[in-house]
Amino acid sequence: MGKVNLSMVLAVWVWASVLSGCGSVTTPRVVGAADTASTPDTAEDAETDTAADPDTAEPDDAADSTPGTPAMPVLGAQLDRAGRPLVKELLFHAFDPYAAGRDAARDGWDRNGDPASWTAYASELVQGLSVFDSIDTVCGNQLAADTAQVAPSRYSALASLLADDRLVVDTAAESCGVYMAVELNAVGTATPDCGGRRLDVDVVDATYTLLITGGLDSSVGDGVAAGAEAAGTTFPYLAPPL
Ligand SMILES: [Ca+2]
Ligand SMILES: [Ca+2]
């Protein structure tokens, strides 16, 4: 299985919620029965109305106006995890000659919910980091690269940092606008910012630049600008649809 994207996860989640009995539609429906949280009335009210038996006369209509909220479904096995964008796609088995091996390795990454074991991925990330550092024909200028070395181990610091694949936010900071600011501080690039990832940051350009030139200016891009709409100021902070 290739990359598991969010839409796939959501689709599986929704289907699982249907089958697992939380808000289940597999429970036989009793027409005219009183509504409960698990038996909303949508299908019922549409099926038997006649002039002699209008929907409004059905005994459960008083409850129809306030249907309950289904309980959360029981979550199944982890299929994906959302950390720093592009780390897996750009650096983890990105140059494997066989797709099957690459996909299996990436599935293992996605399904690994034990952060204590993520350090095992660092050696593979070193390989990807070395390739990206070479793109500008200048080796050793990547973020956190050890300029005293020429061996692949020069990329070990950044590999270890990225293997711990989660977004880190400094809640004591007074401003937020620099992607991965906490990590940048950790590798010696003073960046007073809360870090994490704002939704309006062009994270692809920021990542390309950190990996290829080590700069903080997002000067190496993918040719696709970040959305023009500003992120929202209330949860879930999404910009209005186009
Ligand atoms: Ca470089
Ligand atoms: Ca971009």
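Note that the structure is predicted; figures quoted are calculated from it, not measured. (Residues numbered from 1 in each chain as written. Chains lettered and ligands numbered in written order. Predicted model: local features only at pLDDT ≥ 70, side-chain atom pairs only at ≥ 80, totals over all residues.)

**Here's the deal with the overall build of the chain**
Thinking step 1. Assigned secondary structure in the chain consists of 9 helices and 0 strands.
Thinking step 2. Secondary structure elements of the chain, listed N to C terminal, follow the sequence α-α-α-α-α-α-α-α-α.
Thinking step 3. Counting across all 242 residues of the chain, residues that qualify as buried make up 18%.
Thinking step 4. Intrachain contacts of the chain at a sequence separation of at least 6 include 55% that bridge at least 24 residues. (Helix = DSSP H or I, 4+ residues; strand = E, 2+ residues; numbered from the N terminus. Buried ≥ 20, exposed ≤ 12 C-beta atoms within 10 Å, placed from the backbone. Contact = placed C-beta atoms within 7 Å.)

**Considering the packing of helix α6 (residues 122-133) against helix α7 (residues 156-163)**
Thinking step 1. At their nearest, the axes of α6 and α7 sit 8 Å apart, and the two run at 120° to each other. As judged from the angle between their axes, α6 and α7 are oblique. For the crossing formed where α6 meets α7, the hand is right-handed. Contacts between α6 and α7 pair A122, L125, V126 and L129 from the former with S156, L158, A159, S160, L162 and A163 from the latter.
Thinking step 2. Per-class residue counts for the contact of α6 with α7 are 8 nonpolar, 2 polar and no charged. (Axes fitted to C-alpha atoms, helices over the stretch in contact; angles between N-to-C directions. Parallel < 35°, antiparallel > 145°, perpendicular 65-115°, else oblique. Left-handed = near helix turned anticlockwise from the far one by under 90°. Nonpolar A, V, L, I, M, F, W, Y, C, P; charged D, E, K, R; others polar.)

**Side note on the nonpolar core**
Thinking step 1. Judged by nonpolar contacts, the single largest core of 25 residues is most densely connected at L125, L129, Y155, L158, A159 and L162.
Thinking step 2. Looking at this core, the elements that each hand over two or more residues are α6, α7, α8 (181-186) and α9 (203-212).
Thinking step 3. It is α7 that provides the largest number of residues to this core, a total of 5 residues. (Core = buried A, V, L, I, M, F, W, Y, C linked by C-beta atoms within 7 Å.)

**Observations regarding unusual backbone geometry**
Thinking step 1. Omega for the bond connecting F235 with P236 falls within 30 degrees of zero, at 5°, which places this linkage in the cis form.
Thinking step 2. Note on placement: P236 falls in the segment after α9.
Thinking step 3. In this structure, H93 takes a positive phi of about 55° despite not being glycine.
Thinking step 4. Tracing the chain through its elements places H93 in the loop between α4 (87-91) and α5 (99-111).
Thinking step 5. Positioned with a positive phi, A144 is a non-glycine residue whose angle comes to about 70°.
Thinking step 6. Looking at the element boundaries, A144 is found in the loop between α6 and α7.

**With respect to the environment of T189**
Thinking step 1. Within the secondary structure, T189 sits in the loop between α8 and α9.
Thinking step 2. Separated by 27 residues in sequence, T189 and L216 have C-alpha atoms that sit 9.5 Å apart.

**What about the confidence of the model for the chain?**
Atom-level detail of predicted coordinates should not be read off regions where pLDDT is low.
Thinking step 1. Put simply, the chain has an average pLDDT of 78, and 72% of its residues get 70 or more.
Thinking step 2. In the predicted structure, residues 1-47 sits below a pLDDT of 50 and forms 60 contacts with residues beyond four places in sequence or in another chain.
Thinking step 3. Note on residues 59-64: pLDDT under 50 across the span, and 13 contacts to partners over four residues away in sequence or across chains. (pLDDT = per-residue confidence, 0-100.)

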